[in-house]
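What follows is each chain in one-letter form.
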Amino acid sequence: MLSVKGLSVHYGAIRALREASISVARGELVALLGPNGAGKTSLISGIAGLVRAAGEVVFEGKEIQRLATEDRVRRGLSVTPEGRHVFANLTVAENLRLGAATRRDRDGVGQDIEKYLGLFPILRERNRQLAGTLSGGEQQMLAIARAMMSRPSLLMLDEPSLGLAPRIVAQMFDYVSRLKEEGVTLLVVEQNVMQALKHADRAYVISSGIIRHEGRAEELRGDPKLIESYLGS
Ligand code: ATP
């Protein structure tokens, strides 16, 4: 479904990502693991078109590297950036509607709002509340539900568990797994290595801008030495 070849991202003189190649098959949940500053965000930002990147990004058989982010979203590739980007002064419902800005099917949008309020019951309770007044976990759920409103076939999540209490982290991963069950393909950046490997099918390990390892999640889980050498946990 997604094939990335030789993707590089530079910020001035900083080489954040060096010729990274990854692939994601339809229906997979793939984790992208690595320490702080490894280049994880740069990789998914390059795939989403949020930063300039050199290399090849093929999505659903088409080269999309020259498309604007919005056009990539139209084709079914969405991203939820790190740090809960919700519109603080808009309500939960208004945030969800904005997530559907690239769609023209009003009825479908209404149905999807219902669907995601069903999937994240806390959002239904807070439907008319301003997003800025939600808790961190609730804002993260809203950010994910909003990205789902564009009906992505592939959703990239940047550290969905960041800053959440352990109990909420487990809940967050349950929700992510539910999206997978719904048929969404997922590429998830995580620092929470064990939780990510528990839910993922496959994982890539990245450090200093280079992909160091790729393997099945269960295989990585059983390799504490590898986890320690790259991830330090
Ligand atoms: P974290 O887990 O800490 O979020 P990450 O693996 O997502 O890290 P990136 O955010 O991709 O890593 O950063 C990779 C490198 O690029 C880091 O050294 C970072 O300081 C640098 N970098 C990221 N964004 C910029 C920017 N806008 N300008 C300059 N340098 C940047």
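1. Quick notes on the layout of surface pockets
In this approach, a probe sized like a water molecule rolls over the atoms, and the result shows the empty space that is left.
Thought 1: Considering only enclosed or pocket space, the largest pocket measures out at about 430 Å³ in volume.
Thought 2: Lining the largest pocket we find 22 residues, and of these Val73, Ser78, Val79, Gly99 and Arg146 sit closest to its centre.
Thought 3: Mapped by element, the contributors of at least two residues to the lining of the largest pocket are helix H2 (69–74), strand E6 (77–80), helix H3 (92–99) and helix H6 (136–148).
Thought 4: Looking at the lining of the largest pocket residue by residue, the class counts come to 11 nonpolar, seven polar and four charged.

2. A word on the side chain of glutamate 138
Thought 1: Here glutamate 138 lies in helix H6.
Thought 2: Setting aside residues up to four positions removed in sequence, glutamate 138 forms contacts with Ile122, Leu123 and Arg126.

3. A closer look at the confidence of the model for the protein chain
In regions of low pLDDT, the predicted coordinates are not meant to be interpreted in detail.
Thought 1: With 99% of its residues at a pLDDT of at least 70, the protein chain reaches an overall mean of 91.
Thought 2: Across the protein chain, the element-wise mean pLDDT spans from 79 in helix H10 (residues 224–231) up to 98 in strand E1 (residues 2–11).

4. Here's the deal with the site of the ligand
Thought 1: Taken together, 14 residues form the shell around the ligand, and within it Asn36, Gly37, Lys40, Thr41 and Ser42 come nearest.
Thought 2: Backbone polar atom of alanine 38 to an oxygen atom of the ligand: 3.0 Å apart, as the coordinates give it.
Thought 3: At 2.7 Å from an oxygen atom of the ligand is found a side-chain nitrogen or oxygen belonging to threonine 41.
Thought 4: Protein burial of the ligand: of its 630 Å² of free accessible surface, 62% is covered by the chains.
Thought 5: Elements with a minimum of two residues in the shell around the ligand: strand E2 (14–24) and helix H1 (40–48).
Thought 6: When residues in the shell around the ligand are grouped by element, the largest group, three residues, is from H1.
Thought 7: Broken down by class, the residue content of the shell around the ligand amounts to five nonpolar, six polar and three charged.

Quick notes on the rules
- Residues numbered from 1 in each chain as written.
- Predicted model: local features only at pLDDT ≥ 70, side-chain atom pairs only at ≥ 80, totals over all residues.
- Heavy atoms only, no water.
- 1 Å grid on protein atoms, 1.4 Å probe; cavity = no way out; pocket = protein on both sides within 12 Å on 5 of 7 lines; lining within 4 Å.
- Points joined across faces, edges and corners; volume = space filled by probe spheres on them.
- Helix = DSSP H or I, 4+ residues; strand = E, 2+ residues; numbered from the N terminus.
- Nonpolar A, V, L, I, M, F, W, Y, C, P; charged D, E, K, R; others polar.
- Contact = heavy atoms within 4.5 Å.
- pLDDT = per-residue confidence, 0-100.
- Near = heavy atom within 4 Å.
- Polar contact = N/O pair within 3.5 Å; in protein donor to acceptor, adjacent residues only side chain to side chain.
- Areas by Shrake-Rupley, 256 points an atom, 1.4 Å probe, with all protein chains shown as cover.

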